[in-house]
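Residue strings, one per chain:
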Amino acid sequence: MAVWDDVVGQDRLTAQLAAAARDADAIVTAEHAAHTSRGARPGEQPAPPPADRTGASQMTHAWLFTGPPGSGRSTAARAFAAALQCVSPDRALGGAPGCGFCDGCHTALIGTHADVEIVRTDLLSIGVKETRDLVRRSSLSPAGGRWQVIVLEDADRLTEGAGNVLLKAVEEPAPRTVWLLCAPSIEDVLPTIRSRCRHLTLRTPPVGAVADVLVRRDGIDPAAADLAARATQGHIGRARRLATDERARARRAAVLKLPLRIDDIGGCLKAAQELIDAAGEDAKQVAEEVDTKETEELRAALGAAAGTGGRLPRGTAGAMKELQDKQKRRSTRTQRDSLDLALVDLTGFYRDVLALQMGASVPLANDEVRDSVQRIAAGSTPERTLRRIEAVIACRDALDRNVAPLLAVEAMTVALRAG
């Protein structure tokens, strides 16, 4: 299975990346040949990139992957990183890099390759300190002799200061360093950084392609895969979670009942509180799975006595406080992400309502609750449905501006009732 097989519905993009990987492989091969030939000098610069028929190389040192949530930005970046590290012997016979089976491809895809750094955050932002660590790493030569690849999955979460730190490394990279930045849109990255990157845009994958990859890769029943793909409208990660996690299906079912439960102000306030509580439960589950392990590992590293009640050595309280602050920020992001998923599902519900009201010949994303969709559609007008969609969007914007979640959601449910 080639590394591109999991990049769903992006044929044009994978063709570009495959061409760049071939050029990158030619660079490394030419340099190795130069270094092993008679008279080669240590530290010789890499050979110039090969050119295509237009005279332009397909390989460059910095890439920016953008696309809507669920389009597979990080998957495409990881596949490209794997292709850059491919050591398949078939390359010498004309085979394309990115076989998916060799040690270079396999370790890059699972995140254990020494020269591939996968950077993701479960916090609200990426700060200057973390970015400086990445820049220092980017200056190192690759341990395996091919490429030093840094995949920054959440480039949109860089603070302004962190972006300025990254700019210098992207502007003047080490000879064998490749930066792969991922963000929802080009506007989420500093203009000075994006102007130095080759920009690739991903599209929302077709529903059928998402269902196919769920069946092929995850062994999900075709009917369940199709339901999950339609419900999430091509969002690969959410579709996989919906198809495999019973709790995710239960939470989504509860969200889709909300439009029928806001007949009065009391119902609006109760529905809002339940959405907030569900998001908080998600954050609590993540904390139970991760925080305890992290805390115990840090206590052991600092030399605390065994058990949660063991005393910490003097002078180590600062490290524990830093971890607790990180866990609190992660909990906040988890809660907001969970709440945002609920709002996306709610938007999809009203999208289906609008489709019925307008007589559009498109399949419903939420066909399993068709009765509820038809009931709301019959009892309102397209204008009211559009105002309700705008209310959900306004709630998402308010949460982005750090409005108190309960106030934002209460305002939304009241607006949904009013239409």
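Refer to the structure above for everything that follows.
Cut-offs and rules
Residues numbered from 1 in each chain as written. Predicted model: local features only at pLDDT ≥ 70, side-chain atom pairs only at ≥ 80, totals over all residues. Heavy atoms only, no water. Helix = DSSP H or I, 4+ residues; strand = E, 2+ residues; numbered from the N terminus. Buried < 20%, exposed > 50% of the residue type's maximum accessible area, 1.4 Å probe, protein only. Contact = heavy atoms within 4.5 Å. Polar contact = N/O pair within 3.5 Å; in protein donor to acceptor, adjacent residues only side chain to side chain. Axes fitted to C-alpha atoms, helices over the stretch in contact; angles between N-to-C directions. Parallel < 35°, antiparallel > 145°, perpendicular 65-115°, else oblique. Left-handed = near helix turned anticlockwise from the far one by under 90°. Nonpolar A, V, L, I, M, F, W, Y, C, P; charged D, E, K, R; others polar. Pairing = 2+ DSSP bridges. Arc of directions from axis to C-beta. Phe/Tyr/Trp six-rings, centres within 6.5 Å; stacked < 30°, edge-to-face > 60°. Lys NZ or Arg CZ within 6 Å of the ring centre and 35° of its normal. Core = buried A, V, L, I, M, F, W, Y, C linked by side-chain atoms within 4.5 Å.

Peer 1: Got a minute to help me understand the environment of R261 in this structure?
Peer 2: You can see R261 is positioned in the loop between α10 (246-256) and α11 (265-302). By relative accessible area, R261 is classed as partly exposed at 33%. When neighbours within four sequence positions are excluded, R261 is seen to be in contact with G267, C268, K270 and E274. Here the side chain of R261 touches E274 through a polar contact of 2.7 Å, side chain to side chain.

Peer 1: Help me understand the environment of D282 in this model?
Peer 2: For D282, the position within the fold is in helix α11. With 268 residues separating them along the chain, D282 and T14 place their C-alpha atoms 35 Å apart. Excluding residues within four positions of it along the chain, D282 makes contact with R241, R251, T334 and S338.

Peer 1: When you look at the packing of helix α12 (residues 317-358) against helix α13 (residues 370-378) in this model, what are you seeing that I'm missing?
Peer 2: Each pair of packed helices can be described by the angle between their axes along with the distance between the axes. Two elements in contact, α12 and α13, have axes separated by 9 Å at closest approach and are oriented at 60°. If you check the angle between α12 and α13, you find them oblique. The way α12 lies across α13 gives a crossing that is right-handed. Note on element contacts: α13 touches α12 through R370, S372, V373, Q374, I376 and A377, opposite F349, Y350, D352, V353, L356 and Q357. Classifying every residue of the contact of α12 with α13 gives 7 nonpolar, 3 polar and 2 charged.

Peer 1: Hey, could you run me through the sheet that holds strand β3 (residues 148-152) in this one?
Peer 2: Note: strands within a sheet are paired through backbone hydrogen bonds, in either parallel or antiparallel orientation. With respect to topology, 5 strands assemble into an open sheet ordered β2-β3-β4-β1-β5, the strand pairing being parallel. On the outer flanks of this sheet lie β2 (116-119) and β5 (198-201), each paired with one strand and no other. Strand-to-strand twist of the sheet, defined as the mean angle between neighbouring strand axes without regard to direction, takes the value 15°. Looking at chain direction, strand β1 (residues 62-66) and β5 are connected through 4 bridges and run parallel. Residue L64 lies in a different strand from β5, and its bridge partner there is H199.

Peer 1: Even after reading the chapter, I still don't get unusual backbone geometry, so can you show me in this structure?
Peer 2: Glycine aside, the phi torsion of most residues is negative, and most peptide linkages are trans. Non-glycine residue Q233 carries a positive phi angle of around 55°. Assignment of secondary structure puts Q233 in the loop between α8 (222-231) and α9 (236-244). One non-glycine residue, N402, adopts positive backbone phi at about 70°.

Peer 1: Please clarify how α13 should be interpreted in this entry.
Peer 2: Because the α-helix completes a turn every 3.6 residues, residues three or four places apart line up on one side. Every buried residue of α13 is accounted for by S372, V373, I376 and A377. Projected onto a plane normal to the axis of α13, the buried residues spread over an arc of 130° and lie on a single side. Exposed side of α13, more than 90 degrees from the buried face: D371, R375 and A378 are the residues found there. Elements in contact with the buried residues of α13: α12 and α14 (382-400).

Peer 1: Would you mind showing me how to read the packing of α10 against α12 here?
Peer 2: In the contact formed by α10 and α12, the axes pass within 9 Å of each other and the chain directions differ by 50°. Relative to α12, the element α10 lies oblique. As for how α10 packs across α12, the hand of that crossing is right-handed. In this structure, α10 contributes R252, V255 and L256 to the contact, and α12 contributes A342, D345, L346 and F349. Within the contact of α10 with α12, the residues separate by chemical class into 5 nonpolar, no polar and 2 charged.

Peer 1: Sorry if this is basic, but what is going on with the packing of aromatic side chains here?
Peer 2: Given two aromatic rings, one states the distance between the centres and the angle between the planes to describe the pair. By the definition in use, this model includes 2 aromatic pairs. Centre to centre, the rings of W63 and F80 are 5.0 Å apart; their planes meet at 70°, and the pair counts as edge-to-face. Of this pair, W63 sits in strand β1 while F80 sits in helix α2 (residues 73-84), and the two are 17 residues apart along the sequence. Classification of W63 as buried rests on a relative accessible area of 1%. A ring pair is formed by F349 and Y350, whose centres lie 5.5 Å apart and whose planes are at 85°; its orientation type is edge-to-face. The pair F349 / Y350 is uniform in exposure class, with both members buried. Looking at R176, its charged tip hangs above the ring of W147, at a distance of 5.7 Å from the centre. Over the ring of W63 we find R198, and its NZ or CZ is 5.1 Å from the ring centre.

Peer 1: What is the right way to read the side chain of R230 from this model?
Peer 2: With respect to the helices, strands and loops of the structure, R230 is situated in helix α8. For R230, the side chain forms a polar contact with the main-chain oxygen of L364, separated by 3.4 Å. Not counting the four nearest positions on each side in its chain, R230 is found in contact with V207, L364, A365 and D367.

Peer 1: Looking at this model, I keep getting lost on the nonpolar core. Mind explaining?
Peer 2: As a rule of thumb, nonpolar side chains are buried together in soluble globular proteins. Judged by nonpolar contacts, the single largest core of 37 residues is most densely connected at M59, W63, F65, F80 and L180. Elements represented by at least two residues in this core include exactly α1 (11-36), β1, α2, α3 (103-110), β2, β3 and β4 (177-183). Apart from the residues within four sequence positions on either side, F65 is in contact with L17, R73, A76, A77, F80, L180, L181, C182, A183, L200 and L202. Counting residues in hydrophobic clusters, the runner-up holds 31 residues, among them L256, A272, L343 and V392.

Peer 1: Is there a simple way to think about the side chain of Q357 in this case?
Peer 2: Relative to the assigned elements, Q357 resides in helix α12. At 2.7 Å, the side chain of Q357 and the side chain of T385 are in polar contact. If near-sequence neighbours (up to four positions away) are discounted, Q357 is found in contact with I376, A377, S380, T381, P382 and T385.

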